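# Overview (structure and organization)
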Amino acid sequence: MFARRFLLAVASALMVANSALPSRASAQSPMQDGSRTFVEKLADRAVATLTIKDITEQERARRFRALLTEAFDVPAIARFALGRYWREATEQQRAEYLRLFETMIVATYASRFGEYSGETIRLLDARIDDPKLVTVMSEVFKPGQAPARVDWRVMTDSGSYRVVDVVVEGISMSLTQRNDFAAVIQRTGGAVEGLLVALRDKTKQFE
Amino acid sequence: MISNQKSNRASGALAAVLGAVLVLAGCAGGETAGDDINDPLEVPNRLIFSVNDALDNLVMKPVAHVYKESLPDPVQTSVRSFLNYLRTPVIFANDLMQGEWGRAIETLQRFAQNSMVVGLWDLAAENGQHFHNEDFGQTLGVWGVGEMFYLVLPIFGPSNPRDGVGLLVDHFLDPLDLYLTNTHRTGLQLGRMALDGVDTRARFLKPLDEIEKTSLDYYATIRSLYRQKRADEISNGKPGGVKMVPGLTLDDDQPTTQTSENEE
């Protein structure tokens, strides 16, 4: 009996401490607040414009592409995803790669917004990881499920904000993409052309 | 990192065997999530992966589909809840071995609450205490044992020597599993495993289909996801897992095989 009470007391203290710390510490810098507001607006806009059921998939893809190129630093993500092979690529290959990369991202993610089923997002604190990089933490709630942790990595530069990575439950979308691409290049002889062939094939139906 | 004393105390008789295995395999500390594919067995791994994938398409996926479509949602929720409930001793033991006292207490509290409904309903989650999983592979990770190398196990899928050893040790931390072994109730034992497998597969029907459809190299993508997921589980979601970020990581010209070692 005593043991149980003691355990409960310790546990509730821990929980209060855990939940109280971040919200009390919310006297945040303009960079953190700015990033947080930016992500909040981005999420609102995504729900408002992309999740509508009665638009065609082409229209959804068009809207997604507009939001993507505005709010995400797509060239930086693309370059990161190519890793060291960026250096080896010719100007022409780079240009084609950037174009195919964007098309692939649109093809991969746009349709998912059509399956939206009432998920809500709650923004938590923002953390400064680097003089230019803020991570805005959030929880996404799906009815009847435990909340999913979603981290938005935002690059800030004199008042402008761009998402460079979305990390879902510890899984980085950008890093996963980079690992995927590296495997393709290594398996097709170690040259960028192998990846371009695969990307052309993958995006054929969407261009 | 943890002292040898503690690991000996914690895993008892297994420590000697385990220690030998881990030392032989070379226990490099920390989890690497980056460019290092760390997959010396890639050729056999890919082979086992494709056999697993074929079996999945032939057996697991159809069964998981039927399970998902024919059982009402509340029943599926109950199944998951009950399987999680049965896993309590394993989770609790690993919470303790990782020194996660708060989470150990939470595991006990969840068990106490859910016992009122024999684990068939996750009351505790509704009161804000959500399920968390632990396994001995994670415990070894917390103790500083690296993943060593990527390994695809037949049937079980993505793994590594550390997590494979973890699977084995978790069997010995599970009183119900031990009881079923000792009383030769193999049917029940396999039944529980199968149900766990089917229920888990049913939950990943859509995400895995998506990943297979959108990735260029399915095997490499799963390898990346597994590694990142495990790193996150070992750190219990604490920040600092992903250090490579577009716009900051300027390693365009670094050889891929050495990046993560340089970062350590």
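Above this text is the structure in question.
Note that the coordinates shown come from a computational prediction; the quantities given were computed from them, not determined experimentally.

## Focus: the overall build of chain A
For chain A, the count of helices and strands is 8 helices and 5 strands. The buried share of chain A, taken over its 207 residues, is 43%. The long-range fraction of contacts in chain A, counting pairs at least 24 apart against all pairs at least 6 apart in sequence, stands at 52%. Just so you have it, chain A exposes about 11000 Å², and 58% of that area is on carbon and sulfur atoms.

## Here we look at the pattern of salt bridges
If you walk through the whole model with that rule in mind, you get 38 salt bridges over all chains. Between R201 of chain B and D56 of chain B there is a salt bridge, with its nearest N and O atoms 2.8 Å apart. One end of the pair, R201 of chain B, is in helix α11 (residues 186-203); the other, D56 of chain B, is in helix α3 (residues 42-70), and 145 residues separate them in sequence. The pair R201 of chain B / D56 of chain B is uniform in exposure class, with both members buried. Here E233 of chain B and R230 of chain B are joined by a salt bridge, their closest N and O atoms 2.9 Å apart. Of the two residues, E233 of chain B and R230 of chain B both sit in helix α13 (residues 218-234), 3 residues apart, roughly one turn of that helix. Given a relative accessible area of 25%, E233 of chain B falls into the partly exposed group. What you see here is one network of salt bridges that share partners, running through R187 of chain A together with D39, E42, R46, D217 and R223 of chain B.

## Structural notes on a nonpolar patch on the surface
Residues and elements named next belong to chain B. Where nonpolar side chains cluster on the molecular surface, the patch consists of L47, V51, L55, L58, V59, V63, I155, F156, L167, L190 and M193 and spans about 1100 Å² of accessible area. Listing elements by their share of the nonpolar patch, those giving two or more residues are α3 and α11. With 6 residues, the single largest contributor to the nonpolar patch is α3. The class for V51 is partly exposed, based on a relative accessible area of 46%.

## Quick word on the environment of Y97 of chain A
Residue and element names in this part refer to chain A. Its location among the elements puts Y97 in helix α6 (residues 91-109). For Y97, a relative accessible area of 0% corresponds to the buried category. With 96 residues separating them along the chain, Y97 and E193 place their C-alpha atoms 9.6 Å apart. If we ignore the near neighbours within four places in the chain, the residues touching Y97 are A78, A81, L82, W86, F181, L195, L196 and L199.

## Side note on the nonpolar core
Residues and elements named next belong to chain A. If you look at the biggest cluster of nonpolar residues, it comprises 42 residues, and the most contacted ones within it are F72, Y97, F101, V136, W152, F181 and L195. Here this core takes 6 residues from α6, the largest share from any one element. Not counting residues up to four positions away in its chain, the partners in contact with F101 are V74, I77, A78, A81, Q177 and F181.

## Notes on the packing of aromatic side chains
If you walk through the whole model with that rule in mind, you get 13 aromatic pairs over all chains. Taking 4.9 Å as the distance between ring centres and 10 degrees as the angle between the ring planes, the aromatic pair formed by Y85 of chain B and F111 of chain B counts as stacked. Of this pair, Y85 of chain B sits in helix α4 (residues 73-86) while F111 of chain B sits in helix α6 (residues 101-115), and the two are 26 residues apart along the sequence. Members of the aromatic cluster, joined through ring pairs, are F49, Y150, Y218, Y219 and Y226 of chain B. Positioned above the aromatic ring of F80 of chain A is the side chain of R178 of chain A, whose terminal nitrogen or guanidinium carbon lies 4.6 Å from the ring centre.

## Notes on the interface of chain B and chain A
Every contact between the two is made by 44 residues of chain B and, on the other side, 49 residues of chain A. Of the roughly 3800 Å² buried between chain B and chain A, counting both surfaces, carbon and sulfur atoms make up 59%. Summed over the shared surface of chain B and chain A, the result is 5 salt bridges. Residues R187 of chain A and D217 of chain B are paired through a salt bridge, measuring 3.7 Å at the closest nitrogen-oxygen approach. Linking chain B with chain A are 10 residue pairs in polar contact (both at pLDDT 80 or more). Counting residues per element, the ones that place at least two in the side of chain B that touches chain A are α3, α6, α12 (205-214) and α13 of chain B. Across the side of chain B that touches chain A, the residue classes break down as 15 nonpolar, 15 polar and 14 charged.

What counts as what
- Residues numbered from 1 in each chain as written.
- Chains lettered and ligands numbered in written order.
- Predicted model: local features only at pLDDT ≥ 70, side-chain atom pairs only at ≥ 80, totals over all residues.
- Heavy atoms only, no water.
- Helix = DSSP H or I, 4+ residues; strand = E, 2+ residues; numbered from the N terminus.
- Buried < 20%, exposed > 50% of the residue type's maximum accessible area, 1.4 Å probe, protein only.
- Contact = heavy atoms within 4.5 Å.
- Areas by Shrake-Rupley, 256 points an atom, 1.4 Å probe, with all protein chains shown as cover.
- Salt bridge = Lys/Arg side-chain N within 4 Å of Asp/Glu carboxyl O.
- Patch = residues over 30% accessible without salt bridge, like charges linked within 9 Å, V, L, I, M, F, W, Y side chains within 5 Å.
- Core = buried A, V, L, I, M, F, W, Y, C linked by side-chain atoms within 4.5 Å.
- Phe/Tyr/Trp six-rings, centres within 6.5 Å; stacked < 30°, edge-to-face > 60°.
- Lys NZ or Arg CZ within 6 Å of the ring centre and 35° of its normal.
- Buried area = accessible area lost by both parts, 1.4 Å probe.
- Polar contact = N/O pair within 3.5 Å; in protein donor to acceptor, adjacent residues only side chain to side chain.
- Nonpolar A, V, L, I, M, F, W, Y, C, P; charged D, E, K, R; others polar.

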